[in-house]
Amino acid sequence: MPAIKFRGVDFIDFDTLLSDDERLVRDTARKFIEDNLVPIIEECNRAGRFPRELVKPMADLGFFGASLNGYGCAGMSNVEYGLVTQELERGDSGVRSFVSVQSALVMYPIYTFGSDEQKNTWLPALQKGEKLGCFGLTEPDFGSNPGGMRTRARKVGKEYVLSGEKMWITSGTIADVAVIWAKVEDEGDKIRGFLVETDRPGFKADDIHGKWSLRASVTSGLSLQDVRIPESNLLPASSGLKSPLMCLNQARYGIAWGAVGAAMACYDCALQYSLLRKQFRDQPIASHQLVQEKLAWMISEITKAQLLVLQVGRLKDAGKVQHQHISMAKRNNVWMALECARLSRDILGANGVADDYPIMRHLMNLESVKTYEGTHDIHTLIIGASVTGIDAF
Ligand SMILES: Cc1cc2nc3c(=O)[nH]c(=O)nc-3n(C[C@H](O)[C@H](O)[C@H](O)COP(=O)(O)OP(=O)(O)OC[C@H]3O[C@@H](n4cnc5c(N)ncnc54)[C@H](O)[C@@H]3O)c2cc1C
């Protein structure tokens, strides 16, 4: 079977809904992924290796903090940024996760809640990829319900002392700075964000091994034992659980686009394969109605997902997006991508389980993407609360 090369997916002239600049950004990211990530990703996935060599080239293309302005950031629109994450995740969800964390969960909170000194110190270095960051919200006992967190910050003189455990933290062991969310004892346990340099005494990060998903991304546990940081490391404008949730909204938006990319990769591979693979009367399997039904389902769902996330992006660019819009796009598009990965895997038969093709990797990756940044069911409850006015958590 010859190697299958991605050809793009556009059933309804979706490209005509994009501006010239948006198409240029998408095509640049697509070429970068094709030339640099696709050739190495299966090896990275097998080895459980994050392709760190791509950090600098991705920084040079403006992928980090792409939708922020100033500090060397590219100042892309939200739709442009979304198209970048689509292409990144067409390559691999783990690499897209790295970029999402660096951009939406580290640079965004510093940009939004940080002091001028924090912004000037960290944002240019994070944008250039000279410094890497991680975001510590989840704890061993608190995932979907982060408000229950046990990590505490105590004010002692001109310092804060942080203690607690964080779990499932992307980029934890490669980060130079961790955005840590903790309850501040002197402020009635209000949740606030802190910048913790990872070389501070008492800070420890260890990788989680044995993951069958996002193997090209680093995932770690963090331990903070009486870590002392200057009071100037508090993100001054962070205030309550709403602050980390604002960060998650940024990341979820990128995921909603990214999932379309993963779905496109699986669908296009399955379509090309089905035209090449012959079974019964020397006919391609694409000639069988049951195979066509799967392809028709996938292209319909991908097309609807593209339209949904484009509209959410347009609302975001107009400053009108609501968190429930982003929840709908994340929930729908990740579910859709996972279903496409399963159907595509099926169309490839036994070849579908081998890493000569990208599908099984996408399938395994998407299981994490369905869970993190608000599980599928948590987003169901967010949409439910939005339409009924009744909180069902
Ligand atoms: C690879 C990976 C990377 C990650 N990276 C980060 C990171 O960088 N930073 C970070 O802070 N976190 C990160 N996470 C953690 C992620 O955000 C959590 O896994 C997620 O929030 C879910 O929490 P949990 O795993 O504890 O599941 P739980 O909250 O225990 O949920 C388990 C199940 O119960 C369901 N459930 C829970 N509550 C309800 C309810 N009220 N009603 C109905 N169903 C409910 C859930 O939908 C789910 O199906 C990462 C996770 C993974 C897998």
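What you are looking at is a predicted structure, and each value in this text was computed from that prediction instead of being measured.

Q: For this particular structure, what's the right way to read the overall build of the chain?
A: A count of helices and strands for the chain gives 10 helices and 7 strands. In terms of C-alpha radius of gyration, the chain reaches 21 Å, essentially the compact-globule figure of 21 Å for 393 residues. Here the C-alpha coordinates of the chain stretch approximately 80 × 45 × 40 Å along the principal axes. Across the 393 residues that make up the chain, the buried fraction comes to 54%. For the chain, the exposed area adds up to about 16,400 Å²; of that, 52% sits on carbon and sulfur atoms. Each charge class in the chain was averaged separately, 45 positive and 48 negative side chains, and the resulting centres sit 2 Å apart.

Q: Sorry, what's going on with the side chain of Asn45 here?
A: Looking at the secondary structure, you find Asn45 in helix α1 (residues 20–47). Once residues within four sequence positions are removed from consideration, Asn45 is found in contact with Arg215, Ala216 and Arg361.

Q: What's the story with the nonpolar core in this structure? I'm lost.
A: One broad rule of soluble globular proteins: the nonpolar side chains tend to lie buried together. Membership of the largest hydrophobic core comes to 99 residues, with the highest contact counts inside it found for Met58, Phe63, Phe64, Phe98, Trp181 and Ile302. Top contributing element to this core by residue count: helix α6 (residues 242–276), with 18 residues. Sequence-distant contacts of Ile302, defined by excluding residues within four places in its chain, comprise Val9, Val260, Ala263, Met264, Tyr267, Met336 and Cys340. Listed in part, the 18 residues of the second largest apolar core include Cys134, Tyr160, Phe194 and Val227.

Q: In this structure, what is going on with the packing of aromatic side chains? I would like to understand it.
A: Pairs of aromatic rings are described using the distance from one ring centre to the other and the angle between the two planes. In this structure the tally under the stated criterion is 10 aromatic pairs. A centroid spacing of 6.5 Å and a plane angle of 80 degrees characterise the contact between Tyr108 and Phe113, whose relative ring orientation is edge-to-face. The two residues Tyr108 and Phe113 agree in class, both being buried. Here a set of aromatic residues connected by ring pairs shows up, and it is made of Tyr108, Phe113, Phe135 and Trp181. The positively charged end of Lys316 is found above the aromatic ring belonging to Tyr253, 5.3 Å away from the centroid.

Q: How should unusual backbone geometry be read in this particular structure?
A: Trans peptide bonds make up most of the peptide bonds, and negative phi angles are found at most residues other than glycine. Despite not being glycine, Ser171 has its phi angle at roughly 65 degrees, a positive value. If you trace the backbone, Ser171 turns up in the loop between β3 (159–170) and β4 (177–184). Taking the relative accessible area as the measure of exposure, Ser171 reaches 2% and is therefore buried.

Q: What's the story with the pattern of salt bridges in this structure? I'm lost.
A: Overall, the coordinates contain 31 salt bridges when judged by the stated rule. We note a salt bridge from Glu89 to Arg96, for which the minimum N-O separation is 2.4 Å. Given a relative accessible area of 0%, Glu89 falls into the buried group. The closest approach of N and O atoms between Asp92 and Arg361, which form a salt bridge, is 2.7 Å. Here Asp92 is found in the loop between α3 (78–91) and α4 (93–113), whereas its partner Arg361 is found in helix α9 (residues 359–371), with 269 residues between them in sequence. An identical accessibility class is assigned to Asp92 and Arg361; each is buried. Several salt bridges share partner residues, and in doing so they unite Lys5, Arg30, Glu34, Glu87 and Arg90 into one network.

Q: Teacher, can you tell me more about the pairing of β4 here?
A: Walk down a regular strand and you will see the side chains alternate between the two sheet faces. Where burial is concerned, most of β4 is hidden: 8 out of the 8 residues are buried. One ladder, built from 4 bridges, connects strand β1 (residues 133–136) with β4; its direction is parallel. In the sheet register, Gly133 faces β4, and the bridge partner there is Val177. Judged from the 8 bridges that link them, β4 and strand β5 (residues 190–197) form a sheet pairing that is antiparallel. When the sheet's bridge partners are listed, Val179 is paired in β5 with Leu195. With antiparallel pairing between neighbouring strands as the criterion, β4 and β5 make up a hairpin whose turn holds 5 residues, including Gly188 at a positive phi of roughly 65 degrees.

Q: What exactly am I supposed to notice about the site of the ligand here?
A: Close contacts around the ligand come from 18 residues, with Thr138, Ser144, Trp168, Thr170 and Thr375 the closest. Taking Leu137, its main chain carries an N or O atom lying 3.0 Å from an oxygen atom of the ligand. Between an oxygen atom of the ligand and a side-chain N or O atom of Thr375, the distance comes to 2.6 Å. Its free accessible area being 980 Å², the ligand has 66% of it covered by the protein chains.

Q: Looking at this structure, I do not really get the state of the cysteines. What am I missing?
A: Note: disulfide means a covalent bond formed between the sulfur atoms of two cysteine side chains. Taken as a whole, this structure holds 0 disulfides when the rule is applied. Cysteine Cys247 is unpaired, with the sulfur of Cys134 as its nearest cysteine sulfur at 13 Å. Classification of Cys247 by relative accessible area gives buried; the value is 0%. The thiol of Cys266 is unpaired, and the distance to the nearest cysteine sulfur, on Cys340, comes to 7.4 Å.

Q: Any chance you could explain α3 here in plain terms?
A: Note: α-helices contain 3.6 residues per turn, so residues at a spacing of three or four share the same orientation. Compared with an ideal rise of 1.5 Å per residue, which puts 14 residues at 20 Å, α3 spans 20 Å between its outermost C-alpha atoms and is within 8% of the ideal. Burial analysis of α3 places 14 of its 14 residues in the buried class, the great majority of the element.

Q: What am I meant to see in a nonpolar patch on the surface here?
A: On the surface, Phe11, Ile12, Leu17 and Leu307 cluster together to form a nonpolar patch covering roughly 380 Å² of accessible area. Mapped onto the elements of the fold, Ile12 is located in the segment before α1.

Q: Help me understand the environment of Val55 in this model?
A: Considering the arrangement of structural elements, one finds Val55 in helix α2 (residues 55–60). The class for Val55 is buried, based on a relative accessible area of 4%. Residues Val55 and Phe98, spaced 43 residues apart in sequence, show a C-alpha to C-alpha distance of 9.4 Å.

Quick notes on the rules
- Residues numbered from 1 in each chain as written.
- Predicted model: local features only at pLDDT ≥ 70, side-chain atom pairs only at ≥ 80, totals over all residues.
- Heavy atoms only, no water.
- Helix = DSSP H or I, 4+ residues; strand = E, 2+ residues; numbered from the N terminus.
- Rg over C-alpha atoms; globule rule 2.2 N^0.38 Å.
- Buried < 20%, exposed > 50% of the residue type's maximum accessible area, 1.4 Å probe, protein only.
- Areas by Shrake-Rupley, 256 points an atom, 1.4 Å probe, with all protein chains shown as cover.
- Lys, Arg positive; Asp, Glu negative; His and termini not counted.
- Charge placed at Lys NZ, Arg CZ, Asp CG, Glu CD.
- Contact = heavy atoms within 4.5 Å.
- Core = buried A, V, L, I, M, F, W, Y, C linked by side-chain atoms within 4.5 Å.
- Phe/Tyr/Trp six-rings, centres within 6.5 Å; stacked < 30°, edge-to-face > 60°.
- Lys NZ or Arg CZ within 6 Å of the ring centre and 35° of its normal.
- Salt bridge = Lys/Arg side-chain N within 4 Å of Asp/Glu carboxyl O.
- Pairing = 2+ DSSP bridges.
- Near = heavy atom within 4 Å.
- Polar contact = N/O pair within 3.5 Å; in protein donor to acceptor, adjacent residues only side chain to side chain.
- Disulfide = S-S within 2.5 Å.
- Expected span 1.5 Å × (residues − 1).
- Patch = residues over 30% accessible without salt bridge, like charges linked within 9 Å, V, L, I, M, F, W, Y side chains within 5 Å.

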